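Chain residues, written in single-letter form:
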2 protein chains.
Amino acid sequence: MNSNAYTRLQELKARLVEISDINAAAALLSWDQMTLMPQGGADARGRQLATLERLSHEKMINPEIGKLLDGLQPALNELPPDSTEAALIKVATRDHQKAVKIPTSFTAEFSAHTSKTYEAWARARAEHNFKLVEPLLEKTLELSRQMANFFPGYQHIADPLIDQLDEGMTVAIIRPLFQKLRSELVPLVEQITSQPEADDSCLRKNYSEADQLRFGLEVAKRLGYDFNRGREDKSPHPFTTSFSIGDVRITTRIKENLLAEALFSTIHETGHALYEQGFNPDFEGTPLADGASMTVHESQSRLWENLVGKSLSFWQFFYPKLQAVFPNQLTAVPLEAFYRAINKVERSLIRTDADEVTYNLHVMLRFELEIEMLEGRLAVKNLSEAWNELYRNDLGVLPSDESLGVLQDMHWYSGTIGGYFQSYTLGNILSAQIYEAAVKAVPNIPAEIAIGNFEHLHYWLKENIYQYGRQYTTREIIKRVTGQPLEIQPYLNYLRHKYGELYKL
Amino acid sequence: MNSNAYTRLQELKARLVEISDINAAAALLSWDQMTLMPQGGADARGRQLATLERLSHEKMINPEIGKLLDGLQPALNELPPDSTEAALIKVATRDHQKAVKIPTSFTAEFSAHTSKTYEAWARARAEHNFKLVEPLLEKTLELSRQMANFFPGYQHIADPLIDQLDEGMTVAIIRPLFQKLRSELVPLVEQITSQPEADDSCLRKNYSEADQLRFGLEVAKRLGYDFNRGREDKSPHPFTTSFSIGDVRITTRIKENLLAEALFSTIHETGHALYEQGFNPDFEGTPLADGASMTVHESQSRLWENLVGKSLSFWQFFYPKLQAVFPNQLTAVPLEAFYRAINKVERSLIRTDADEVTYNLHVMLRFELEIEMLEGRLAVKNLSEAWNELYRNDLGVLPSDESLGVLQDMHWYSGTIGGYFQSYTLGNILSAQIYEAAVKAVPNIPAEIAIGNFEHLHYWLKENIYQYGRQYTTREIIKRVTGQPLEIQPYLNYLRHKYGELYKL
């Protein structure tokens with residue numbers, strides 16, 4: 001790299017760090033809003049967040065960044081393709097090019113519209129009445145299509161929306177995977193639910209909040225979450241956020257009558273946090289210090305939550321500890337009964353409460369509905385019926401009211417229609433593919449887990465995935481780690497093996 | 001106001017709100033850093049704060065703001081002088097004119113220098129060795145003088161520094177007040193300390209953190225702190241900060257073996273918070289939503305902490321409640337003994353631990369030292385000796401090492417030399433003047449306090465001071481509220497009366 005290119009790269013970095021700093025401040029404003037902020041702060045906080053988001057967007061679309069990036073393209077031929085510098089130029093180029101395509105006026109309109117829609121949704125859900133938010137959602141659909149059309153040349157209208165969070169993913173890739181997965185899961189659920197139901201009453205006793213919190217922290221620490229670079233707080237919905245590689249935070253929600261709630265959401269968020277704490281420290285302040293995509297991020301939360309946290313090995317180590325914290329509730333419950341309880345499969349209405357096997361059916365039907373809306377084959381006014389119809393078909397249950405149906409998730413009411421849900425199931429698929437690769441490379445991982453040693457797995461994931469942040473794309477990561485493209489077979493093998501044993505199929 | 005002026009005012013407001021939003025984000029970054037941030041976040045947090053401060057400064061010195069303000073000056077002749085609009089134009093003009101005088105390059109240099117100095121100070125204090133930070137403090141003095149010289153035409157070189165936080169205050173106003181006050185306080189301290197010492201052992205028992213916290217919150221609430229628009233957290237040094245009029249937060253520090261620590265610092269910060277929660281809600285997001293000056297701010301924290309919180313009436317109401325929380329520690333201690341304990345006067349080394357009577361001697365000697373340094377009459381290398389000399393003279397005590405002497409306060413090591421300390425004593429002076437005016441207007445205030453009713457006082461302060469934020473200058477406020485300029489007589493009367501009774505002088 002010549003000295004001109006070097007100077008350009010330094011200036012680019014300085015501009016990107018400035019944007020990262022603004023984004024970190026916005027992330028803190030938002031974290032605070034969800035965790036500690038007194039209610040009186042709400043109005044100003046909304047305004048402050050909008051200001052920082054606008055500032056960040058303005059900085060990102062600054063033509064000076066475009067010029068720097070143009071000037072740096074020749075350097076890409078000289079730089080080693082695996083170098084951090086090459087990755088930074090490539091990632092910044094993609095981010096800049098995406099950002100400039102969306103007019104600032106649209107961003108402002110969309111942001112104002114989604115605030116309004118979110119509030120209307122909260123009311124509609126409380127009153128179990130989709131009609132209250134329907135006209136706003138129609139506008140959301142229109143704006144979502146507009147958003148997609150800022151990126152002409154797509155193969156499917158949902159592709160640009162998916163690309164925002166799941167770079168490189170397209171309907172053409174996702175649909176066949178989902179069709180195949182659905183065709184395997186529907187009969188599997190049928191098979192499982194025709195067996196005697198698992199008894200999960202042991203999870204529904206009284207578990208004190210303080211003890212649950214303490215146990216969750218102990219688990220997170222043992223999995224490798226570094227609390228010198230993180231903390232846990234309470235919030236209405238659990239999430240992970242970070243303000244730097246040295247400050248990655250999770251939140252949890254505790255239900256005293258439902259042990260599984262805080263426990264598995266803590267392990268889930270810990271998975272996200274391990275990913276973010278694992279980035280190469282040199283990436284600090286640059287756009288490389290982020291997850292490769294929502295799919296890869298979710299693959300890590302689900303890997304730790306399900307493949308690790310709901311495995312028998314995991315509880316061979318942790319169950320005696322849990323029993324020691326809650327002796328009255330669990331002394332009489334054998335490990336195997338507890339293991340069956342946390343892996344109970346049932347047809348249910350609420351995605352976030354669903355077990356591993358049915359979960360993806362919830363997700364895939366949402367994906368199908370948003371695709372149909374974007375294609376213009378489904379009108380918003382028919383959405384609630386279509387939702388119920390798919391639930392009856394795929395899960396064999398029917399919401400008794402719309403708050404348990406079309407109004408249950410906030411996603412469509414707080415963002416675009418399309419672009420988000422796919423990552424939940426893609427993450428599940430990928431989690432099994434990655435875990436299979438990890439165990440192939442380090443065969444004693446499950447045995448180590450059974451004695452409470454998570455370092456082998458954590459180290460392998462850091463070495464192969466976490467450290468790279470956005471240095472590689474999702475597709476590159478999957479290829480590097482598994483030697484294959486994204487495929488559902490490992491996930492199906494995992495489910496069939498685990499639930500075959502559990503339900504003696 | 002014609003429609004041109006109206007449009008200009010709207011644009012000005014929008015720009016000021018943007019700056020306020022950036023400042024609020026910086027304030028949250030800083031609050032989080034002091035309260036909850038994991039240590040791993042420190043490096044990035046420093047960088048993020050510097051970025052937001054730079055952005056805010058850039059926005060404030062934008063020539064577009066200058067043009068808008070120029071265009072609005074004629075409107076000042078048409079607008080009612082007491083209107084919010086006129087105040088906004090006047091305040092924004094002052095802020096803009098001050099900001100443009102300080103070059104951005106200087107701000108960056110100064111900020112980098114003070115970070116370094118602060119770290120060196122922490123080390124120097126730990127090692128009780130002023131020499132370790134002396135060269136950096138010499139540079140601070142040089143930069144402080146440079147800073148002052150960006151504002152040519154001053155009467156005294158400290159004036160521009162004082163004006164940053166205490167608009168309109170000057171050495172010419174402060175010095176005679178301080179000289180008079182010192183000449184009265186030194187003999188008063190002499191007189192008091194020649195009496196039998198008060199017994200404060202009842203404050204030095206074991207008081208559990210949780211109970212102290214709970215009692216402090218109860219007091220704050222009763223004084224009128226609205227916790228729908230605020231919260232309290234723990235931090236190494238207590239402070240008040242706000243992110244909007246709807247979100248004003250305090251922090252506290254608890255010592256289990258010293259009841260007075262958390263108790264009176266909580267009342268002190270509550271005083272600051274009552275001021276900030278009391279701003280006219282229409283000021284939200286504008287520069288009017290701030291204290292008129294450090295002096296007025298401090299007058300409110302000290303009024304609530306001392307004139308109210310350390311009064312006999314206050315404890316007539318609260319002491320039985322405190323006894324109920326700590327029966328083992330306080331049942332045998334009569335109210336009068338407790339009242340004497342919390343008002344114990346003694347010659348001591350540490351400003352922040354000092355009682356009401358000696359406190360100002362600590363402050364005024366610091367003011368004198370910084371003035372001498374700025375005038376070039378005192379070299380930094382002689383500061384420690386000069387410090388000790390003044391302590392011997394004014395307080396009759398001598399620090400056994402420099403951590404208890406010249407290194408005890410962070411102020412000079414984290415900002416300019418000059419500009420801050422005066423506000424502590426000016427605030428004390430003003431607190432008595434304001435309280436006298438309040439009681440003159442609403443004579444039953446002390447009687448109401450004795451039955452736990454603080455609304456009369458709170459309402460009067462809101463009506464006469466809090467609601468106005470920066471709408472009036474410090475001098476205007478003092479004049480409006482008391483009919484007089486700032487004067488020490490009410491403060492001296494207060495001290496003489498209270499301590500005359502306590503020490504039977």
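Going by the structure above, here's the rest.
Predicted model, so just to flag it, every value in this text is computed and none were measured. (Residues numbered from 1 in each chain as written. Chains lettered and ligands numbered in written order. Predicted model: local features only at pLDDT ≥ 70, side-chain atom pairs only at ≥ 80, totals over all residues.)

Engineer: What exactly am I supposed to notice about the overall build of chain A here?
Structural biologist: Of regular secondary structure, chain A possesses 23 helices and three strands. In terms of principal-axis extent, the alpha carbons of chain A reach across some 70 × 50 × 50 Å. Split into buried and exposed, the 505 residues of chain A put 42% on the buried side. Partitioning the contacts of chain A with sequence separation of at least 6, the portion at a separation of at least 24 is 71%. (Helix = DSSP H or I, 4+ residues; strand = E, 2+ residues; numbered from the N terminus. Buried ≥ 20, exposed ≤ 12 C-beta atoms within 10 Å, placed from the backbone. Contact = placed C-beta atoms within 7 Å.)

Engineer: It is not clear to me how the interface of chain A and chain B should be interpreted in this structure. Could you clarify?
Structural biologist: Many descriptions give the size of an interface as the accessible area lost when the pieces come together. Every contact between the two is made by 30 residues of chain A and, on the other side, 30 residues of chain B. Mapped by element, the contributors of at least two residues to the side of chain A that touches chain B are α1 (3–35), α2 (42–60) and β2 (240–244) of chain A. Tallying contributions element by element places α1 of chain A first for the side of chain A that touches chain B, with seven residues.

Engineer: What should I look at first to understand the relation of the copies chain A and chain B in this one?
Structural biologist: One copy of the chain maps onto the second through a rotation about an axis and a displacement along it. Mapping chain A onto chain B calls for a screw motion: a turn of 180 degrees about the axis and a shift of 0.0 Å along it, with 0.0 Å RMSD after fitting. With respect to symmetry, the two chain copies, as superposed, fit the operation of a two-fold axis. Relative to the rotation axis, the C-alpha of Ala 25 of chain A is the closest in chain A, positioned 3.0 Å from it. (Least-squares fit on C-alpha atoms with pLDDT ≥ 70 in both.)

Engineer: What exactly am I supposed to notice about helix α16 (residues 356–375) of chain A here?
Structural biologist: Between its first and last C-alpha, α16 of chain A extends 30 Å over 20 residues, near the 28 Å set by a 1.5 Å rise per residue. Of all 20 residues in α16 of chain A, 16 are buried, a share of seventy percent or more. (Expected span 1.5 Å × (residues − 1).)

Engineer: Help me out: how do you make sense of the packing of helix α13 (residues 312–325) of chain B against helix α15 (residues 335–342) of chain B in this one?
Structural biologist: Two quantities define a packed helix pair, namely the angle between the axes and the distance from one axis to the other. Residue and element names in this part refer to chain B. Taken N-terminus to C-terminus, the directions of α13 and α15 make an angle of 125 degrees; their axes are 10 Å apart at the nearest point. Classified by the angle between their axes, α13 and α15 sit oblique to one another. Seen from above, α13 lies across α15 with right-handed handedness. Counting all contacts with α13, which are made through Leu 312, Trp 315 and Tyr 319, the residues of α15 involved are Leu 335, Phe 338 and Tyr 339. (Axes fitted to C-alpha atoms, helices over the stretch in contact; angles between N-to-C directions. Parallel < 35°, antiparallel > 145°, perpendicular 65-115°, else oblique. Left-handed = near helix turned anticlockwise from the far one by under 90°.)

Engineer: I tried to follow the sheet that holds strand β3 (residues 247–252) of chain B on my own but got confused; where do I start?
Structural biologist: Each strand in a sheet pairs with its neighbour through backbone hydrogen bonds, running either in the same direction (parallel) or in the opposite one (antiparallel). Residues and elements named next belong to chain B. Pairing in this open sheet of three strands is mixed, and the strands run β1-β3-β2 from one edge to the other. Looking along the sheet, the strands with just one partner apiece sit at the ends: β1 (232–234) and β2 (240–244). Pairwise comparison of adjacent strand axes, ignoring direction, gives a mean angle of 30 degrees for this sheet. For β1 and β3, the ladder comprises three bridges, and the chain directions are parallel. Of the residues in β3, the one forming a bridge with Asp 233 is Thr 251. Each of β1, β2 and β3 is contacted by helix α1 (residues 3–35), which is oriented at about 140 degrees to β2, the strand it contacts most. (Pairing = 2+ DSSP bridges.)

Engineer: Looking at this structure, how should I read the sheet that holds β2 of chain A?
Structural biologist: All names here are of chain A. In space, the three strands of this open sheet follow the order β1-β3-β2, with mixed pairing throughout. This sheet does not close on itself; its edge strands, each paired only once, are β1 (232–234) and β2. Recorded for the sheet is a direction-independent mean angle of 30 degrees between the axes of neighbouring strands. Against the sheet, α1 contacts β1, β2 and β3 (247–252), and its axis sits at roughly 140 degrees relative to β2.

Engineer: Mind showing me how you'd approach helix α23 (residues 489–502) of chain B here?
Structural biologist: Because an α-helix completes one turn every 3.6 residues, residues spaced three or four positions apart along the sequence face the same direction. Residue and element names in this part refer to chain B. Taking 1.5 Å per residue, 14 residues should reach 20 Å; α23 reaches 20 Å between its end C-alpha atoms and fits that length. The complete set of buried residues in α23 reads Tyr 491, Leu 495 and Tyr 499. One side of α23 holds all its buried residues, which, seen down the axis, span an arc of 35 degrees. With respect to the buried face of α23, the exposed residues turned more than 90 degrees away are Asn 493, His 497 and Glu 501. Buried-residue contacts for α23 involve α9 (171–193), α16 (356–375) and α19 (422–441). Where α23 ends, the next residue or the one after it, Lys 504, has phi of about 50 degrees, a positive value. (Arc of directions from axis to C-beta.)

Engineer: Please explain unusual backbone geometry as it appears in this structure.
Structural biologist: Residues other than glycine predominantly adopt negative phi, and peptide bonds predominantly adopt the trans conformation. Non-glycine residue Lys 504 of chain A carries a positive phi angle of around 50 degrees. Along the chain, Lys 504 of chain A falls in the segment after α23 (489–502).

Engineer: Just checking my understanding: could you explain the environment of Asp 159 of chain A for this structure?
Structural biologist: Residue and element names in this part refer to chain A. Inspection of the secondary structure assignment puts Asp 159 in helix α8 (residues 159–165). Since 23 C-beta atoms lie within 10 Å of it, Asp 159 is described here as buried. Residues Asp 159 and Gly 291, 132 residues apart in the sequence, show an inter-C-alpha distance of 19 Å. Once residues lying within four places of it in the same chain are set aside, the contact partners of Asp 159 are Tyr 154, Thr 170 and Val 171.

Engineer: Explain the pairing of β2 of chain B here, please?
Structural biologist: Working note: regular strand, side chains alternate between the two faces of the sheet. For β2 of chain B, the buried fraction is high: five of the five residues fall into the buried class. Counting the residues that bridge the hairpin from β2 of chain B to β3 of chain B gives two residues.

Engineer: How should the environment of Thr 51 of chain B be read in this particular structure?
Structural biologist: By secondary structure assignment, the location of Thr 51 of chain B is in helix α2 (residues 42–60). Those residues within four positions of Thr 51 of chain B in sequence are excluded, and the remaining contacts are Glu 18 and Asp 21 of chain A.

Engineer: Help me understand the environment of Leu 137 of chain B, please; the structure alone is not making it clear to me.
Structural biologist: All names here are of chain B. You can see Leu 137 is positioned in helix α7 (residues 134–149). Here Leu 137 falls in the buried class, since 22 other C-beta atoms lie within 10 Å of it. In this structure the C-alpha to C-alpha distance between Leu 137 and Thr 117, which are 20 residues apart in sequence, comes to 7.2 Å. Sequence-distant contacts of Leu 137, that is, excluding residues within four places in its chain, are made with Thr 117, Val 380, Trp 412 and Tyr 413.

Engineer: Where do I start with the packing of α1 of chain A against α1 of chain B in this structure?
Structural biologist: For the pair α1 of chain A and α1 of chain B, the least separation of the axes is 9 Å and the interaxial angle reads 70 degrees. With respect to α1 of chain B, the axis of α1 of chain A lies roughly perpendicular. Of the two possible hands of crossing, α1 of chain A and α1 of chain B adopt the one that is left-handed. For the pair formed by α1 of chain A and α1 of chain B, the contact residues are Ala 25, Leu 28, Leu 29 and Asp 32 of chain A on the first element and Ala 25, Leu 28, Leu 29 and Asp 32 of chain B on the second. When the residues that make up the contact of α1 of chain A with α1 of chain B are grouped by side-chain class, the tally is six nonpolar, no polar and two charged. (Nonpolar A, V, L, I, M, F, W, Y, C, P; charged D, E, K, R; others polar.)

Engineer: Sorry if this is basic, but what is going on with the pairing of β3 of chain A here?
Structural biologist: All names here are of chain A. Judged by how many residues are buried, β3 sits mostly within the fold: six of six residues are covered. Judged by which residues are buried, β3 turns out to be covered on both faces: Asp 247, Arg 249 and Thr 251 on one side and Val 248, Ile 250 and Thr 252 on the other are all buried. In this structure, β2 lies alongside β3, joined through four bridges in antiparallel fashion. From the neighbouring strand, Thr 240 faces β3, where its bridge partner is Ile 250.

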